[in-house]
Amino acid sequence: MREDEGAEMGVRTYVGLVTHYREKETYIGRRRPIVRIILYTGKGGVGKTSTAAATALRCADRGERTIVLSTDIAHSLADSFDIPLSPEPIQVAPNLWAQESDVY
């Protein structure tokens, strides 16, 4: 099934996830990691993959360790980065990892 076919049926076929980490000083002077998770969901063909890939690149450029993953059965995240991806995270740029999970 293509992503646009899912849109016709009203099925959400993709969830993008971007996580990035940075440290923040707490009120007692210790540093602790901050994790931020951004989810992009919705019908097919609205730009979730492109938005997730662009957000991930921007976060990585800012120095935040970032992972972007796709559960889309069409595996279009690899097309966004123009490299093959796998179910395991692959470093695609400094501070940026990407993966396409197999969903059955």
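Residue numbers restart at each chain and count upward from 1, following the sequence in its written direction. This being a predicted model, a pLDDT of at least 70 is required before a residue's local features are given, and a value of 80 or more before pairs of side-chain atoms are given or counted; all residues contribute to the totals for chains, interfaces and linings. As a rule here, side-chain values come from all non-hydrogen atoms in the structure, and water together with hydrogens is ignored.

Trainee: Residue-level account of the overall build of the protein, with values.
Mentor: The secondary structure listing takes helices from DSSP runs of H or I that are at least 4 residues long and strands from runs of E that are at least 2 residues long, numbered from the N terminus. A count of helices and strands for the protein gives three helices and five strands. In the protein, the order of α-helices and β-strands from amino to carboxyl end is α-β-β-α-β-α-β-β. Of all 104 residues assigned to the protein, the portion counted as buried reaches 36%. Contacts are residue-level and defined by heavy atoms, with any inter-residue pair within 4.5 Å sufficient. Taking as baseline every contact in the protein between residues at least 6 positions apart, the subset at least 24 positions apart corresponds to 51%. Shrake-Rupley sampling with a 1.4 Å probe provides the accessible areas, and residues are treated as covered by the protein chains on show and by no other component. In the form shown here, the protein has an accessible surface area of approximately 6500 Å², with 51% of it arising from carbon and sulfur atoms. Here the term buried applies to any residue with accessible area under 20% of the maximum for its type, exposed to any over 50%, and partly exposed to those in between, with areas from a 1.4 Å probe on protein chains only.

Trainee: Give a detailed account of the nonpolar core, specifying residues and quantitative values.
Mentor: With twelve residues, the main nonpolar core is built from Tyr40, Ala52, Ala53, Ala56, Ala60, Val68, Leu77, Ala78, Phe81, Leu85, Leu96 and Ala98. The element best represented in this core is helix α2 (residues 48–61), accounting for four residues. Those residues within four positions of Ala78 in sequence are excluded, and the remaining contacts are Ile83, Pro84, Leu85 and Glu100. Grouping buried Ala, Val, Leu, Ile, Met, Phe, Trp, Tyr and Cys residues that are joined through side-chain atoms within 4.5 Å yields what is termed a nonpolar core.

Trainee: An account of the environment of Gly44 is requested, with residue identities and associated values reported.
Mentor: Inspection of the secondary structure puts Gly44 in the loop between β2 (31–42) and α2. Given the relative accessible area of 10%, Gly44 is considered buried.

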